[in-house]
Amino acid sequence: MAAFDRVPSGIDGLDLVLDSIRLGDNVVWQVSSLDEFRPIANAFVARSVADGRNVVYLRFASHERLVAQGEPGVTEVDLDPNRGFETFTMQVHDTITREGPETFYVFDSLSDLQVAWSADLTMGNFFRLTCPYLFSLDTVAYFPIIRGGHSFAAIAKIHDTTQLLIDVSPDEGGLFVHPLKVWRRYSPTMFLAHRLDLATGEVSALTSGVDTSRFYARMSAEMSGAADRDMDSWDRFFAQARAAFEHGEDMRQTCRKMCNMMMTREPRMRALVQEYFSPGDYFDVRRRMVGTGMIGGKACGMLLSRKIVERRLPGVLGLLEPHDSFYVGTDVFYTFIVENDLWPLRIQQRGDGYLRVAAQLARGIEHGTFPTEIEQGFRRILDYYGQVPIIVRSSSCLEDAFGNAFAGKYDSVFLPNVGSPEERLREFERAVKRVYASTMNPSALEYRRRSGLDTAEEEMALLVQRVSGSRYGTSYFMPTAAGIGYSRSAYRWLPDMDPTAGMLRLVMGLGTKAVDRTERDYPRLVSLDRPEATTMVTDADRHRFCQRGCDLIDLAEGAFAERPCTEVEPLLPVAVRPYVMEHDREAERMLRERGHARDVTFASCAGLAADRRFTDAIRSIMHALQEAYDYAVDVEFTVNVDEGGTGTDASPRFVVNLLQCRPLQSFSGTGTVEVPAGTDGAVLLRASDNAMGGSVEADVDFVCVVDAAAYRACPHARRPAVARAVGEAARIVRDAGADSGDARRDVTAILLAPGRIGTTSPDLGVPVTFAEIAAFRAIVEYADSAHGFSPELSYGSHMFQDLVEADILYCAALERGSTTFDRSALDGLPQVPLASCAADADVAGCVRLLDARGQGLRMWHDLVGGQTLVAFAR
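Residues numbered from 1 in each chain as written. Predicted model: local features only at pLDDT ≥ 70, side-chain atom pairs only at ≥ 80, totals over all residues. Heavy atoms only, no water.

## Some points on the overall build of the protein
This is how the line gets drawn: The secondary structure listing takes helices from DSSP runs of H or I that are at least 4 residues long and strands from runs of E that are at least 2 residues long, numbered from the N terminus. Relative accessibility thresholds used throughout: buried, under 20% of the residue-type maximum; exposed, over 50%; partly exposed, between the two (1.4 Å probe, protein chains only). Contacts are assigned to residue pairs with any non-hydrogen atoms lying within 4.5 Å of each other. The protein chains shown are the only cover counted for residues, whose accessible areas, like all others here, come from Shrake-Rupley with a 1.4 Å probe. Asp and Glu are treated as the negative residues and Lys and Arg as the positive ones, with His and the ends of the chain left uncounted. Charged side chains are reduced to one point each, which is NZ for Lys, CZ for Arg, CG for Asp and CD for Glu.
Of regular secondary structure, the protein possesses 33 helices and 39 strands. Over its C-alpha atoms, taken along the principal directions, the protein stretches across nearly 110 × 75 × 45 Å. The proportion of buried residues among the 874 residues of the protein is 58%. Within the protein, residue pairs in contact and separated by at least 24 positions form 73% of the contacts whose partners lie at least 6 positions apart. With an accessible surface of roughly 34200 Å², the protein has 50% of that area assigned to carbon and sulfur atoms. Within the protein, one finds 93 positive and 120 negative side-chain charges whose respective centroids are separated by 3 Å.

## A word on the side chain of Ser 118
By secondary structure assignment, the location of Ser 118 is in the loop between helix 4 (111-117) and helix 5 (120-136). By relative accessible area, which is 11% here, Ser 118 ends up buried. When near neighbours in sequence (up to four residues on either side) are disregarded, Ser 118 contacts Leu 113, Asp 232, Ser 233, Trp 234 and Met 261.

## Considering the sheet that holds strand 35 (residues 820-821)
Stated formally: A pair of strands is labelled paired if DSSP reports no fewer than 2 bridges between them.
Taken together, the five strands give an open sheet; going across it, the order is 30-38-39-28-35, and neighbouring strands pair in antiparallel fashion. Sheet topology places strand 30 (696-699) and strand 35 at the edges, where each strand pairs with a single neighbour. As paired strands, strand 28 (residues 683-688) and strand 35 are joined by two bridges and run antiparallel to one another. Bridge pairing in strand 35 links Arg 686 to Thr 820.

## Thoughts on helix 8 (residues 233-246)
Defined as follows: Multiplying 1.5 Å by the residue count of a helix minus one yields the expected span of that helix.
Between its terminal C-alpha atoms helix 8 stretches 20 Å, which fits the 20 Å expected from 14 residues at 1.5 Å a residue. Among the residues making up helix 8, those that are buried are Ser 233, Trp 234, Arg 236, Phe 237, Phe 238, Ala 241 and Ala 244. Those residues of helix 8 hidden inside the fold are in contact with helix 4, helix 5, helix 9 (252-262), helix 11 (279-287) and strand 12 (289-290). Once helix 8 finishes, Gly 248 follows within two positions and takes phi at roughly 75 degrees, a positive value.

## Let's talk about the sheet that holds strand 14 (residues 390-396)
Stated formally: Fitted lines through C-alpha atoms give the axes, limited to the stretch in contact for helices. The angle between two N-to-C directions lies from 0 to 180 degrees.
The strand order 12-13-16-14-15 describes an open sheet built from five strands, whose pairing is mixed. Only two strands of the sheet have a single partner each, and these edge strands are strand 12 and strand 15 (412-415). Here helix 12 (residues 297-312) sits on the sheet and contacts strand 13 (326-328), strand 14, strand 15 and strand 16 (460-466); the angle it forms with strand 14, its principal contact strand, is near 105 degrees.

## Quick look at the pairing of strand 16
Of all the seven residues making up strand 16, six are buried; the element is thus mostly covered by neighbouring parts of the structure. With three bridges joining them, strand 13 and strand 16 adopt antiparallel strand pairing. Each residue of the ladder has a partner; that of Val 328, found in strand 16, is Leu 462.

## Here's the deal with the pattern of salt bridges
Put simply, the rule is: By definition, a salt bridge exists where a carboxyl oxygen of Asp or Glu is found within 4 Å of a side-chain nitrogen of Lys or Arg.
A complete count under the given rule lists 45 salt bridges for this structure. Two residues, Asp 19 and Arg 6, come together in a salt bridge whose shortest N-O distance is 3.1 Å. One end of the pair, Asp 19, is in the loop between helix 1 (12-18) and strand 2 (21-22); the other, Arg 6, is in strand 1 (residues 6-7), and 13 residues separate them in sequence. With a relative accessible area of 33%, Asp 19 lands in the partly exposed category. In this structure, Glu 86 and Arg 346 form a salt bridge, with 2.9 Å as the shortest nitrogen-oxygen distance. Placement of Glu 86 in helix 3 (residues 85-99) and of Arg 346 in helix 15 (residues 343-350) is noted, with a sequence separation of 260 residues between them. Judged by its relative accessible area of 2%, Arg 346 is buried. Connected via shared salt-bridge partners are Arg 6, Asp 19 and Arg 22.

## What to know about the packing of aromatic side chains
We count it as follows: Whether two aromatic rings pair depends on their centres lying within 6.5 Å, for rings of Phe, Tyr and Trp, where Trp uses its six-membered ring; planes under 30 degrees apart make the pair stacked, over 60 edge-to-face, and the rest tilted. Whether a charge lies above a ring is judged from NZ of Lys or CZ of Arg, which has to be within 6 Å of the ring centre and within 35 degrees of the ring normal.
By the definition in use, this model includes 34 aromatic pairs. Ring geometry for Trp 234 and Phe 238: centres 5.7 Å apart, planes at 40 degrees, overall tilted. Taken together, the positions of Trp 234 and Phe 238, both in helix 8 and four residues apart, correspond to about one turn of that helix. Where Phe 333 meets Tyr 436, the ring centres are 4.8 Å apart and the plane angle is 65 degrees; that geometry is what we call edge-to-face. Here Phe 333 is found in helix 14 (residues 330-339), whereas its partner Tyr 436 is found in helix 18 (residues 421-437), with 103 residues between them in sequence. When its relative accessible area of 0% is taken as the criterion, Phe 333 is described as buried. What makes Tyr 436 buried here is its relative accessible area of 0%. Between the NZ or CZ atom of Arg 719 and the centre of the ring of Tyr 711, over which it lies, the distance is 5.3 Å. In this structure, Arg 756 is placed above the aromatic ring of Tyr 522, and the distance from its NZ or CZ to the ring centre is 4.2 Å.

## With respect to the confidence of the model for the protein
Close inspection of predicted coordinates is inappropriate in any region flagged by low pLDDT. Our working rule: As a per-residue measure, pLDDT reflects the predictor's confidence and takes values from 0 up to 100.
Model confidence for the protein is summarised by a mean pLDDT of 87, while 91% of its residues fall at 70 or above. In this model, residues 739-745 is a region of pLDDT below 50 whose contacts with residues beyond four sequence positions or in other chains number 13 contacts.

## Regarding the environment of Thr 769
Structurally, the position occupied by Thr 769 is in the loop between strand 32 (749-754) and helix 30 (770-773). By relative accessible area, Thr 769 is classed as partly exposed at 32%.

## Some details on the nonpolar core
Here is the rule we go by: What we call a nonpolar core is a set of buried Ala, Val, Leu, Ile, Met, Phe, Trp, Tyr and Cys residues that are connected through their side-chain atoms within 4.5 Å.
By size, the foremost hydrophobic cluster in this structure holds 77 residues, and its most contacted members are Met 263, Tyr 282, Tyr 327, Leu 504, Met 508, Phe 614 and Phe 637. Counting residues per element, this core draws most heavily on helix 26 (residues 612-629), at nine residues. Tyr 327 has contacts with Val 285, Arg 288, Met 289, Val 290, Ile 295, Ala 299, Met 302, Leu 303, Leu 462 and Leu 463, leaving out every residue within four places of it along the chain. Counting 73 residues, the second-largest nonpolar core is a separate cluster that includes Leu 129, Ile 337, Ile 374 and Ile 381.

## Here we look at helix 16 (residues 358-366)
What counts here: Arc definition: directions from the helix axis to the C-beta atoms.
Regarding helix 16, the residues found buried are Ala 358, Leu 361, Ala 362, Gly 364 and Ile 365. For helix 16, the angular spread of the buried residues around the axis is 160 degrees, confining them to a single face. Buried residues belonging to helix 16 abut helix 14, helix 15, helix 18 and helix 19 (442-450).

## Description of the packing of helix 3 against helix 5
Test applied: Geometric relationships in this document are graded by angle, where less than 35 degrees denotes roughly parallel, more than 145 denotes roughly antiparallel, 65 to 115 denotes roughly perpendicular, and other angles denote oblique. Here is the rule for handedness: rotate from the far helix to the near one, and if that takes an anticlockwise turn smaller than a right angle the crossing is left-handed, while a clockwise turn gives right-handed.
Here helix 3 crosses helix 5 at 15 degrees, and the two axes come no closer than 11 Å. Relative to helix 5, helix 3 is oriented roughly parallel. Of the two possible hands of crossing, helix 3 and helix 5 adopt the one that is right-handed. Together, Phe 85, Phe 88, Thr 89, Val 92, His 93, Ile 96 and Thr 97 of helix 3 and Thr 122, Asn 125, Phe 126, Leu 129, Thr 130, Tyr 133 and Leu 134 of helix 5 make up the contact between the two elements.

## Here we look at the environment of Thr 95
Note that Thr 95 resides in helix 3. The class of Thr 95 is buried, set by a relative accessible area of 3%. Note: C-alpha distance between Thr 95 and Val 56 (39 residues apart in sequence) is 9.5 Å. Dropping the residues within four chain positions of it, Thr 95 is found in contact with Leu 58, Val 77 and Tyr 105.

## A few points about the state of the cysteines
Counted only if it meets this: Disulfides are defined as cysteine sulfur pairs within 2.5 Å.
What the rule picks out here adds up to zero disulfides. Of all cysteine sulfurs, the one in Cys 259 lies closest to Cys 255, which takes part in no disulfide; the gap is 9.1 Å. Cys 255 sits in the buried class, given a relative accessible area of 11%.

## Let's talk about unusual backbone geometry
Although it is not a glycine, Asp 341 sits at a positive phi angle of roughly 55 degrees. Position of Asp 341 relative to the elements: it lies in the loop between helix 14 and helix 15. Located in the positive-phi region is Cys 605, a residue other than glycine, with phi close to 60 degrees. Tracing the backbone shows Cys 605 in the loop between strand 25 (601-603) and helix 25 (606-610). Assessed through its relative accessible area of 0%, Cys 605 is described here as buried.

Given below as structure tokens:
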């Protein structure tokens, strides 16, 4: 070892015992009080400053200072661990990068990180990330930690990572110093306990029987008080809280801490949780939790909504299916990232590699492995559920909050949960990794950036739920129906409907078709003031615009699957079928006239919509939640119907499983806009009650048009390329306003597309992602029956949620008398070249981006009156 690699500690005797501190060493001092660490730190700082070293004090704790304020030659960096593990860790990383190689550090107590983050696991993750980076830059860093305040597992993680771990305890006139780990150094007396004389700086090994006896007597006394140190500090806190509760102590302060530790950081949600949760509710959450940290927005909203119903609607409570969910805390996500050496990619992704490294990080997540202690928690979940189907759902701390719903941005994975215990564990872990990896989805990243959250911590928790449903036939498993509900509707498909009554979007089977725009399927819209009302007059119309496929779990195949509703219908109990299936009487009559008498049915959920017991209950639930939140809400739910009881009340019974609740995102433009009755120029679009969005009046700068005939003629395999061309047009629109830093304020663009945008089927419309259309101010889906395209007024889908939050106007240009839609009005506008069209002949005729700046094209929409106009004006 070269002499210049040796670093004086400022205590000569200590240098002899340790064979010197070396460049790259992280030195952890385990003390019973920080008063024991101060003389050691002060000696190190004084000698390092005298030697001309760059000395930095990282100040982040609430305890008294370890280095005097304004100490000459010392740079102080103030940090706040309460901003979160990821932000704090990256700020420390940035400081180390900025200060450069061979910098010497004194850190505040690591134990205060456990106070800020509530768990030893997170503190250990911080050290495991920070220590190697310091080592790589040949720094020297001193870290104090309080003895007895942490689990053996946390200390073991620090022991495995650091270069030196030294135990310090008080003695009269000095300190006992006991090296526990000294990396790549050894002497016959190095690991003996030593005595440091603070007055002289001399250090001597304890070879005297009297001194040794005194030292080990002190150590034995400390060990007798450490019986619970096999527990994480998180679990110790909850054990103490439960004991206090059982002894009748005042729990208000403890409940506030439990809420802050694991429920939510959002102030309004915190207030609601603290109002409706009892101490036992917090203990139940902890009991059903794997790991530590927050349970995330989705889990918090689900639990809170149930407590509100329990308190406000005791009469309805009996219709709710009890939940038996589990939660995987946010600390597990960070531990997974750390243990699989993905943190460097995480740092890049948080910086200039926001989109560039996302795919690489997602692949790393998908190929990662879980620590043994986390796997044990997963096994506990699977042992509880046995072989009942379950769903692993994202529950990010950013989800389901006031202002940002993140609807559909992250994955949820249905698991049939069949096979041997090891097979089920592998599938469960694969599902967890898939949800974690979905944080890197381009649409999710674009959504975060548009919401100003691209630099915010994305703490991913998981909500694990039993799939509510029944077994039908030999292998099909599903609820009778599922849906999404809104306590307030922004869309009236009939003029006399009351938007304050709320509305539902119902489907047969699993609820995926209620939130996604899927091929051939039309969920049933239910306005809760007129639940049986529909815009379809004839059986033929209702049959055409119905749900054809039913999502379910096929236990025989061990997979999430779609089956024709008519295939599933015979497996349903006879009394249940009318709740989800409806007869096409006109078709049956025509068949009888031709001598082919048979039933013709289709899925519509009409019977469920007609059952006032159900619609009144769900309306009461949503309005109670709205009153409690003081904000409109949307909920997800399942409904299970059986054949009913006996005696006087033999009608089918039902139970509702409340799966999710979140504040309903609202339009920003709620005022009135005067829409001209006439215009001097050509009219592109005039519509009544076919739009969803806030009031707007603006000049139109660009129009992107997808031609229905050309798109229909485009080969099926090339249609996704049309979506990419639309995305290119959106980027041009965004770049046109880049000088302002916010293209949405300076540039107004409209997208005209046939059929359904964002559909999973390219046959029904252009399969764009939200990221590809986010720059448009308005989206118009137009009907073109000649080429087989029909819009779906999909209020309630995830795509709709995105449009609402981004304040993008949606309008359907239908082929009916009250709607005017004439694309020829755009003839003569100059065309903006698109590289994707120039490079692909199949795409070239499908997409045009037209420059309307200065041409007098203007857009009006009045939310109150439901009128929309896009036309040329003087």
